[in-house]
Number of protein chains: 2
Amino acid sequence: MTEEHYIGVDLGGTKILAGVFDSDHNCLFTDKNKTKAELGYEGVTARIVETIRGAAHLTGIDVANSKGVGIGAPGTISADGSTVLFAPNLDWRDVPLKADLEAELGCPVWLGNDCSVAAMGIHRSEFESKPRDMVSIFLGTGIGAGIITNGAFLSGATQAAGEVGHMVLDPDGPVCGCGTKGCYEALASRTAIFNKVKAAVEAGEKTLLFDPESGKPFNKVRSGKLRRAVEAGDELATRVLDETCLYTGIAIANLCNLLNPEIVALGGGMIEQLHETMLPKITEAAVDRMMPGARQVSIVATKLGDHAGITGAAILACDHA
Amino acid sequence: MTEEHYIGVDLGGTKILAGVFDSDHNCLFTDKNKTKAELGYEGVTARIVETIRGAAHLTGIDVANSKGVGIGAPGTISADGSTVLFAPNLDWRDVPLKADLEAELGCPVWLGNDCSVAAMGIHRSEFESKPRDMVSIFLGTGIGAGIITNGAFLSGATQAAGEVGHMVLDPDGPVCGCGTKGCYEALASRTAIFNKVKAAVEAGEKTLLFDPESGKPFNKVRSGKLRRAVEAGDELATRVLDETCLYTGIAIANLCNLLNPEIVALGGGMIEQLHETMLPKITEAAVDRMMPGARQVSIVATKLGDHAGITGAAILACDHA
């Protein structure tokens, strides 16, 4: 009997990662490309197809013979799973991604929100569906989450649950992209860190995060660069990372006091690069603010690393195929 | 056939309310007594028994012939439902309330946390179990909640879920009874209001909430007194109530962004007295901070009023009997 294959895709604002999985959720081969969001919907869709075909080629299979493709997309997905309603990082609105990819690939395609899909990957693959109450939080350019309660994934009344990045943690804090003041994302994401570093550099502070001699424009702080600066003892990098750990700890305490999960799993680019530095600080800030009954929680970095998204996406395909 | 009766008890720090219900969750008769927490565990237990017997007497039934008694108690209940582990307002630790009441009453008794039980009363009786995702928040001396997700009551991994009062909303805010800075309860409960009024009066501000001529010590702000002061245009009373509405709106926005419920039902002493003033302000502050996908939520005051607790407690008995 031929082995069955499922393909998982993690579509991000910066990169596209695709992986071919067997029916036991083992990843066989992956391929990766830059997203190039500036190419627009058609251009990015072509790059998704290219990445999927790349991973299939490495595995030695034909995509059309796979059981299906799951996609975690960075935005809101329609209730019927056909359309990306809004993906701010890609500048997409109401795009029929499922139908367009199915026409191109010749196999079924299922869409999910990137954080929901990655949280499902962690719950199902890393924790074997055991925790009945669990939260996964992803720290990167933005901050998102996936919540498991009473043994099931929490979608909410209108598929809008899990927006942990828009939990207000300081009503007088900086304005968030959503328009509200003091959201967790506006205080602690990589975007928030970039804004803090930019303001400090403009005020004359020296930091390894910005080399004025390079002549290059200063337009983001990558997680790897932040890690190297922190490891080199850079004061500004350490300070902004400590703030991210503090607010992440507060956000986790709030979630634990509300939902009393067994496990809080952290993922995303910042955690992948910096979990050794961040996890002890995050845990201390969180446990300090938890009610005694909630303190048995385990706060961990996902072992799946940046495979959380593709693993969950492959499981999405496997569940539906 | 004789009608079946269930007795629900709402045990508070100030008063004990007991109600006799039929099997359709209709309340037939109630009785009420002051708790007198200063009498200690045995004294308060005797007063619970007296209140239950009072309601049974009005109904013309014998407690021992009822199908059972449910109790909503203001604290943490052991996982087996036998013991109140900690009830700060009553100064109780590890008291075997179930066994002691069963010995006295001659019928089965079940214990639950007061907010969990009241939330269950609202969900089951007022909303006929229809909402699959719902939050009930109770504003009084403290602030508590009960959460329904995926159609089931959320207890969490160690029966510690629902502590909405200890969600941090301002990391530099006033210190809460739990030791953390800036919990919702420390910013917005009736205790927080009392602390703000006391500080303002001590700083020389005039208010209808405190009559220096009365010679009476100034030791709390009851919800009814707060309502009358607000209705009379008292500036301090209006200001502190506005702050409670703002923080309640922020707390609700956070919950809606996380859990995306259909309904947020508000209850407790402050809402009972002041919902006409508070609800529009709370709703505005909440909707302003919600992600678009979460905004379809209905924010309402429970129609059960102070019967939410006894209704839920009777349902607790009915479920187990």
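Residues numbered from 1 in each chain as written. Chains lettered and ligands numbered in written order. Predicted model: local features only at pLDDT ≥ 70, side-chain atom pairs only at ≥ 80, totals over all residues. Heavy atoms only, no water.

1. A few points about the overall build of chain A
Counting its regular elements, chain A contains nine helices and 13 strands. At 20 Å, chain A has a C-alpha radius of gyration in line with the 20 Å of a compact globule built from 321 residues. Dimensions of chain A along its principal axes, counting C-alpha atoms only, are 60 × 55 × 35 Å. Looking at chain A alone, contacts between residues at least 24 apart form 61% of all its contacts between residues at least 6 apart. Roughly 13,400 Å² of accessible area belongs to chain A as shown, and the carbon and sulfur atoms make up 48% of that amount. Put simply, chain A has 28 plus and 40 minus side-chain charges, and the middle of one group is 4 Å from the middle of the other. (Helix = DSSP H or I, 4+ residues; strand = E, 2+ residues; numbered from the N terminus. Rg over C-alpha atoms; globule rule 2.2 N^0.38 Å. Contact = heavy atoms within 4.5 Å. Areas by Shrake-Rupley, 256 points an atom, 1.4 Å probe, with all protein chains shown as cover. Lys, Arg positive; Asp, Glu negative; His and termini not counted. Charge placed at Lys NZ, Arg CZ, Asp CG, Glu CD.)

2. So, the relation of the copies chain B and chain A
Overlaying chain B on chain A yields an RMSD of 0.0 Å, the required transformation being a rotation through 180 degrees with an accompanying axial translation of 0.0 Å. In short, the pair behaves as if placed about a two-fold rotation axis. Of the interface residues in chain B, 100% have counterparts in chain A that sit at the interface too, so the contact is made through matching surfaces. (Least-squares fit on C-alpha atoms with pLDDT ≥ 70 in both.)

3. Some points on the pattern of salt bridges
Per the counting criterion, the structure on display carries 20 salt bridges over all chains. The partner of A:E243 in a salt bridge is A:K196, with the nearest N and O atoms 2.7 Å apart. Of this pair, A:E243 sits in helix α7 (residues 235-259) while A:K196 sits in helix α5 (residues 190-202), and the two are 47 residues apart along the sequence. Judged by relative accessible area, A:E243 falls into the partly exposed class, the value being 30%. One salt bridge connects B:K98 with B:E102, and the closest N-O pair in it is separated by 3.0 Å. Pair noted here: B:K98 and B:E102 are both in helix α2 (residues 97-105), with a separation of four residues, about one helical turn. We classify B:E102 as partly exposed; its relative accessible area is 24%. (Salt bridge = Lys/Arg side-chain N within 4 Å of Asp/Glu carboxyl O. Buried < 20%, exposed > 50% of the residue type's maximum accessible area, 1.4 Å probe, protein only.)

4. Describing the domain arrangement of chain A
Residue and element names in this part refer to chain A. Its domain assignment divides chain A into domain 1 (6-119 + 308-320) and domain 2 (130-302). Inter-centroid distance (C-alpha atoms) of domain 1 to domain 2 is 26 Å. Contacts between the two partners involve six residues from domain 1 and, on the opposite side, eight residues from domain 2. For the domain 1 and domain 2 pair, buried surface summed over both sides reaches about 640 Å², with 68% attributable to carbon and sulfur atoms. In this assembly, domain 1 and domain 2 are joined by zero salt bridges. (Domains from an automatic or database assignment. Buried area = accessible area lost by both parts, 1.4 Å probe.)

5. Quick look at helix α6 (residues 223-231) of chain A
Helical geometry: 3.6 residues make up each α-helical turn, so side chains three or four residues apart lie on a common side. Among all positions of α6(A), only A:S223, A:G224, A:L226, A:A229 and A:V230 are buried. Buried residues in α6(A) make contact with α5, α7 and α8 (269-288) of chain A.

6. Some remarks on the sheet that holds strand β8 (residues 109-113) of chain A
Residue and element names in this part refer to chain A. Pairing is mixed across the open sheet formed by five strands, whose spatial order is β3-β2-β1-β4-β8. This sheet does not close on itself; its edge strands, each paired only once, are β3 (27-34) and β8. Each strand axis lies, on average, 15 degrees off the axis of its neighbour in the sheet, ignoring direction. With five bridges joining them, strand β1 (residues 6-11) and strand β4 (residues 68-73) adopt parallel strand pairing. Within β4, the residue paired with I7 across the bridge is V69. Packed onto the sheet, helix α1 (residues 40-59) meets β1, β2 (15-21), β3 and β4 and runs at close to 150 degrees relative to β3. Contacts from helix α2 (residues 97-105) reach β4 and β8, with the element oriented near 145 degrees to β8. (Pairing = 2+ DSSP bridges. Axes fitted to C-alpha atoms, helices over the stretch in contact; angles between N-to-C directions.)

7. Structural notes on the packing of aromatic side chains
Residues and elements named next belong to chain A. Counted by the stated rule, this structure contains two aromatic pairs over all chains. With 5.1 Å between their ring centres and 85 degrees between their planes, Y41 and W92 make a pair best called edge-to-face. Of the two residues, Y41 is situated in helix α1 and W92 in strand β7 (residues 92-95); the sequence distance between them amounts to 51 residues. The buried category is assigned to Y41, whose relative accessible area is 18%. (Phe/Tyr/Trp six-rings, centres within 6.5 Å; stacked < 30°, edge-to-face > 60°.)

8. Comments concerning unusual backbone geometry
Residue and element names in this part refer to chain A. Phi angles above zero are rare outside glycine, and D94 is one such case at about 50 degrees. Position of D94 among the secondary structure elements: in strand β7. Phi is positive for E128, which is not a glycine, with a value near 50 degrees. Tracing the sequence through the fold places E128 in the loop between α3 (114-126) and β9 (134-139).

9. Quick look at the pairing of strand β2 (residues 15-21) of chain B
All names here are of chain B. Among the seven residues of β2, six are classified as buried, and the element is accordingly described as predominantly covered. Pairing between strand β1 (residues 6-11) and β2: six bridges, direction antiparallel. Within the sheet, the bridge partner assigned to G8 lies in β2 and is G19. A loop of three residues connects β1 with β2, the two strands running antiparallel in sequence. In the sheet, β2 pairs with strand β3 (residues 27-34) via seven bridges, with the strands oriented antiparallel. If you follow L17 over to β3, its bridge partner there is K32. In textbook terms, the turn of a hairpin is the stretch between consecutive antiparallel strands, and for β2 and β3 this stretch comprises five residues, one of which, H25, has a positive phi near 70 degrees.

10. A closer look at the environment of B:G173
When you line up the elements, B:G173 lands in the loop between β11 (152-153) and α4 (184-188). Leaving out residues up to four positions away in the same chain, B:G173 has contacts with B:K181 and B:G182.

11. Quick look at the packing of α6(A) against α7(A)
To characterise two packed helices, one gives the angle between the axes of the helices and the distance between these axes. All names here are of chain A. Across the interface, α6 lies against α7 with an axial gap of 8 Å and an inter-helix angle of 115 degrees. In terms of crossing hand, the pair formed by α6 and α7 is left-handed. Contacts between α6 and α7 pair L226, A229 and V230 from the former with A237, T238, V240 and L241 from the latter. Of the residues assigned to the contact of α6 with α7, the class counts are six nonpolar, one polar and no charged. (Left-handed = near helix turned anticlockwise from the far one by under 90°. Nonpolar A, V, L, I, M, F, W, Y, C, P; charged D, E, K, R; others polar.)

12. So, the side chain of B:T59
Residue and element names in this part refer to chain B. Along the chain, the position of T59 falls in helix α1 (residues 40-59). Owing to a relative accessible area of 17%, T59 belongs among the buried residues under this scheme. Ignoring sequence-local partners within four residues, the contact set of T59 consists of H5, V20, L28 and F29.

13. Re the interface of chain B and chain A
Every contact between the two is made by 41 residues of chain B and, on the other side, 41 residues of chain A. Here chain B and chain A share an interface that buries about 3,100 Å² over both sides, 61% of which is from carbon and sulfur atoms. Linking chain B with chain A are zero salt bridges. At the junction of chain B with chain A, the criterion picks out 25 residue pairs in polar contact (both at pLDDT 80 or more). Among the elements of the structure, β10 (143-149), β11 and α7 (235-259) of chain B are those that each provide at least two residues to the side of chain B that touches chain A. (Polar contact = N/O pair within 3.5 Å; in protein donor to acceptor, adjacent residues only side chain to side chain.)

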